[in-house]
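# Summary of structural features
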Amino acid sequence: LDERLPEQDTGDEVGRLTSTLNRMLDRIASGARRQREFVSDASHELRTPLAAMRAELEVSLAHRDNADWRDVATRLLDDHRRLERLTGDLLTLARLDEAAVSRRAEPVRLDEIVAGEITAVRHSEVRPSLTPVRVTGVVPELVRLVRNLLDNADKHAAGVVAVSLRQDGRDAVLAVEDDGPGVPPEQRERVFDRFFRVDGSRDRASGGVGLGLALVRRIARSHGGEVAVTSSATLGGARFEVRLPSS
Ligand code: ADP
């Protein structure tokens, strides 16, 4: 969209048509830009009240031991986490769609990012096996990639999530596996499409919209890597594997 046609000042039909087309392209491009800015601004604005809500819920969970209230607050925290993930996913998608200006890659320890995100897994037992691995990447994007895979595993697992990170030649290989129902072979490519969900009715109840894995793939590719899903040989559920060039 940002590519205009070369204009020659020939003054004839073709010249006029070219400049008309260019004006139309400019208008479409600026509309698309405004839309991205809107998504980016809106999701950014949503983050402040969401952060405040979480703090209040956590404080109330720490100070009230009424069992009914704990049930309610725990469910609210789950809903809250989904909202936070959705706004975060939207914001990251909007930024990835922008030019590379605001994306700054730096050398990072991927194992430290993974270890930090594992602490947020709330429903499953996590079995980590992490070795120190360095990559060059955009930290908030790598955090989101890891978080989305862990959130999904936690959501679908029967009780166990295994996370491993190792070096394989020049690649960093991150694998997130669970003991849930897995992803059927015929859907293994489509789960990475925007807004695709394996079973609409099953997931709608849990609040997903199908952006998480699309974002994981965008981020993996923008870092020169790839993501794929198979089934877990050890746990029987899904196995998501991300390969990124290590540094
Ligand atoms: P959502 O936000 O709806 O979870 P995702 O893009 O993260 O969207 O996932 C897309 C689809 O892939 C979902 O419908 C979900 O059912 C399926 N999926 C993702 N992770 C797993 C997993 N670990 N086990 C089984 N199915 C999964």
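Keep in mind that this is a model prediction, so the values were computed, not measured. Per chain, the residues get numbers from 1 upward, laid out in the order the sequence is written. Totals for whole chains, interfaces and linings use all residues, but because this is a predicted model, local features are given only for residues with pLDDT of at least 70 and pairs of side-chain atoms are given and counted only at 80 or more. As a rule here, side-chain values cover all heavy atoms of the structure and leave hydrogens and water aside.

Topologically, Thr87 is positioned in helix α2 (residues 67-97). The rule is simple: take the accessible area with a 1.4 Å probe, protein chains only, and divide by the maximum for that residue type; under 20% is buried, over 50% is exposed, in between is partly exposed. On the basis of relative accessible area, Thr87 is assigned to the buried category, the value being 5%. The way it works is that DSSP assigns letters per residue, a run of H or I at least four long becomes a helix, a run of E at least two long becomes a strand, and they are numbered from the N terminus.

Looking now at helix α1 (residues 13-63). Helix length check: α1, at 51 residues, gives a terminal C-alpha distance of 76 Å against a target of 75 Å (1.5 Å per residue), a fit within 8%. Taken as a whole, α1 has its buried residues at Gly15, Thr18, Ser19, Asn22, Ala29, Ser40, Ser43, Leu50, Leu57, Ser60 and Leu61. Whether two residues are in contact is decided by their heavy atoms, any of which lying within 4.5 Å being enough. Buried residues in α1 make contact with α2. Measuring from the backbone nitrogen of Val14 back to the side-chain oxygen at the start of α1 gives 3.3 Å, which picks out Asp12 as the cap. Working rule for helices: expected span equals 1.5 Å times residues minus one. Each polar contact in these results corresponds to two N or O atoms within 3.5 Å; when the atoms are within protein, one needs to be able to donate a hydrogen and the other to accept it, and residues that are neighboring in sequence are counted only if both atoms are side-chain atoms.

Residues at a pLDDT of 70 or more form 92% of the protein chain, whose mean pLDDT is 87. Quick note on the complex model: pTM equals 0.77, ipTM equals 0.97. Per-residue confidence from the prediction method is given by pLDDT, with values spanning 0 to 100.

Burial of nonpolar side chains together is a common tendency in soluble globular proteins. Definition used in this section: a nonpolar core is a set of buried Ala, Val, Leu, Ile, Met, Phe, Trp, Tyr and Cys residues joined via side-chain atoms within 4.5 Å. Formed by 40 residues in total, the largest nonpolar core has its most connected members in Leu145, Leu149 and Leu174. The biggest single contributor to this core is helix α4 (residues 139-156), with seven residues. Among all residues touching Leu145, those that are not within four sequence positions of it are Leu174, Val216, Ile219, Ala220 and Val242.

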